[in-house]
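So the chains spell out like this:
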Amino acid sequence: MPTTLGQNQYGKAENRVVTITRDGATHHIKDLNVSVSLSGDLDEVHHSGSNAHVLPTDTMKNTVYAFAKEHGIESPEQFGIVLARHFVTTRDPIDRARVRIEEYAWERIGTGGGGGTGTGGGGGEAGGHSFVRRGQETRVTQVTFDGERVEVVSGLKDLTVLNSTDSEFWGFAKDPYTTLKEAYDRILATDVSARWRYGWSGGESGDGGEGGVPDWNESYEQSKRHVLTAFAETYSLSLQQTLHRMGTRVLEHRDEIDEIRFSLPNKHHFLVDLAPFGIKNDTPDGAVYVAADRPYGLIEATVLRDGADARIAPDLTTL
């Protein structure tokens, strides 16, 4: 039976890279998980098993570590761009490289030396070489290079947020299977997964004719700040409304971003029925809830700058 080879790619996934930069007694840490995937003229390896066009994935791994030393890691975006361009420009059979990076954040441990600020140890000066893993969220980026254009899609995942009030949900459609009661004051909680696409497409000169390379770290921190601010300041009548406001605020304040997509699981909190114990639960001084981890509503949408194309995949798990 005749067949046709479809889209294909190969690479080295989840290369764990930790770099320590020493500035005297003060050290700086970068902790990445780097996945490289290449595609191009690779039909023959599938048809006959010829590896003539196949760069070993072990070589990809070695390149990741060597480049971490030779080029340094200023940001996941900068490192991903360097890697993607390298694999396309040095391997004729390869016409597209995709580099996905997760960054795990660390912060300094306070040593109790007084005066400064830090984490742990009851405050004190931040240790020059002691760190604790920061568990707030994971920073992510995907860099794709096709020999001409760079596409950078960055964002975050597992950023857990909660509003204990200023959220309602009522006036929804009902059918014979609807049992949910309308809520005029509820907990709104979600684990934010967001990806934003930069307008910069980076030519070989670096500026791409689009106003220069973005400050990747500043852009990440400010975009995250605007997401959190919008979540906190929006009086929510639906999680969809909150999502739209979060995306709109990022685009209003960050000119370098053209598109942002969110995937927001609605982390339901239900009042516990304490009536069997003769206890009134929801009272002016507070209430007790059960946090249900599943099933959950899943709210997803893209917010675009006017005139921009939607290019972020609808399913963020494919990024």
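The structure under discussion appears in the preceding block.
These figures come from a predicted structure and were not determined experimentally.

Quick word on the side chain of N281
Checked against the element boundaries, N281 lands in the loop between β10 (269-271) and β11 (289-291). We classify N281 as buried; its relative accessible area is 12%. Within the structure, the side chain of N281 is placed 2.8 Å from the backbone oxygen of V272, a separation counted as a polar contact. Within the structure, the side chain of N281 is placed 2.8 Å from the backbone nitrogen of V288, a separation counted as a polar contact. In contact with N281, not counting residues within four places along its chain, are L271, V272, L274, G286, A287 and V288.

Focus: the environment of T19
One can find T19 in strand β1 (residues 10-23). Taking the C-alpha atoms as reference points, T19 and V272, separated by 253 residues in sequence, lie 48 Å from one another. Ignoring sequence-local partners within four residues, the contact set of T19 consists of H28, I29, K30, A68 and I73.

Details of the pattern of salt bridges
With the rule as written, the count across this model stands at 15 salt bridges. Residues K61 and D58 are paired through a salt bridge, measuring 2.8 Å at the closest nitrogen-oxygen approach. Placement of both K61 and D58 in helix α2 (residues 57-70) is noted, with a separation of three residues, approximately one turn of the helix. Look at K61 and you get partly exposed, because its relative accessible area is 25%. Here D58 falls in the partly exposed class, since its relative accessible area comes to 37%. One salt bridge in this structure joins E151 and R311, with 2.7 Å as the shortest N-O distance. Within this pair, whereas E151 is found in strand β7 (residues 150-163), its partner R311 is found in the segment after β12 (297-304), the two being separated by 160 residues in sequence. Owing to a relative accessible area of 41%, R311 belongs among the partly exposed residues under this scheme. Residues participating in the shared-partner salt-bridge network are K30, E77, E103 and R139.

A few points about a negative patch on the surface
A contiguous patch of negative charge, built from D41, D43, E44, D95, D146 and E148, is present on the exposed surface. Within the secondary structure, D43 sits in helix α1 (residues 43-47). Overall, the relative accessible area of 37% leaves D43 in the partly exposed class.

Comments concerning the sheet that holds strand β8 (residues 188-198)
With antiparallel pairing, eight strands are arranged side by side in an open sheet as β1-β2-β3-β6-β7-β8-β9-β12. At either end of the open sheet lies a strand with only one pairing partner, and these are β1 and β12. Across the sheet, the mean angle from the axis of one strand to that of its neighbour is 15 degrees, orientation sign disregarded. In the sheet, β8 pairs with strand β9 (residues 257-266) via seven bridges, with the strands oriented antiparallel.

Here we look at the packing of helix α4 (residues 216-233) against helix α5 (residues 239-253)
Remark: α4 packs on α5, axes separated minimally by 8 Å, with the N-to-C direction vectors making an angle of 140 degrees. Here α4 lies oblique to α5, going by the angle between them. Note that α4 runs across α5; the crossing there is right-handed. For the pair formed by α4 and α5, the contact residues are S223, H226, V227, T229, A230, F231 and E233 on the first element and T242, R245, M246, R249, V250 and H253 on the second. Across the contact of α4 with α5, the residue classes tally to five nonpolar, five polar and three charged.

What counts, and at which threshold
- Residues numbered from 1 in each chain as written.
- Predicted model: local features only at pLDDT ≥ 70, side-chain atom pairs only at ≥ 80, totals over all residues.
- Heavy atoms only, no water.
- Helix = DSSP H or I, 4+ residues; strand = E, 2+ residues; numbered from the N terminus.
- Buried < 20%, exposed > 50% of the residue type's maximum accessible area, 1.4 Å probe, protein only.
- Polar contact = N/O pair within 3.5 Å; in protein donor to acceptor, adjacent residues only side chain to side chain.
- Contact = heavy atoms within 4.5 Å.
- Salt bridge = Lys/Arg side-chain N within 4 Å of Asp/Glu carboxyl O.
- Patch = residues over 30% accessible without salt bridge, like charges linked within 9 Å, V, L, I, M, F, W, Y side chains within 5 Å.
- Areas by Shrake-Rupley, 256 points an atom, 1.4 Å probe, with all protein chains shown as cover.
- Lys, Arg positive; Asp, Glu negative; His and termini not counted.
- Charge placed at Lys NZ, Arg CZ, Asp CG, Glu CD.
- Pairing = 2+ DSSP bridges.
- Axes fitted to C-alpha atoms, helices over the stretch in contact; angles between N-to-C directions.
- Parallel < 35°, antiparallel > 145°, perpendicular 65-115°, else oblique.
- Left-handed = near helix turned anticlockwise from the far one by under 90°.
- Nonpolar A, V, L, I, M, F, W, Y, C, P; charged D, E, K, R; others polar.

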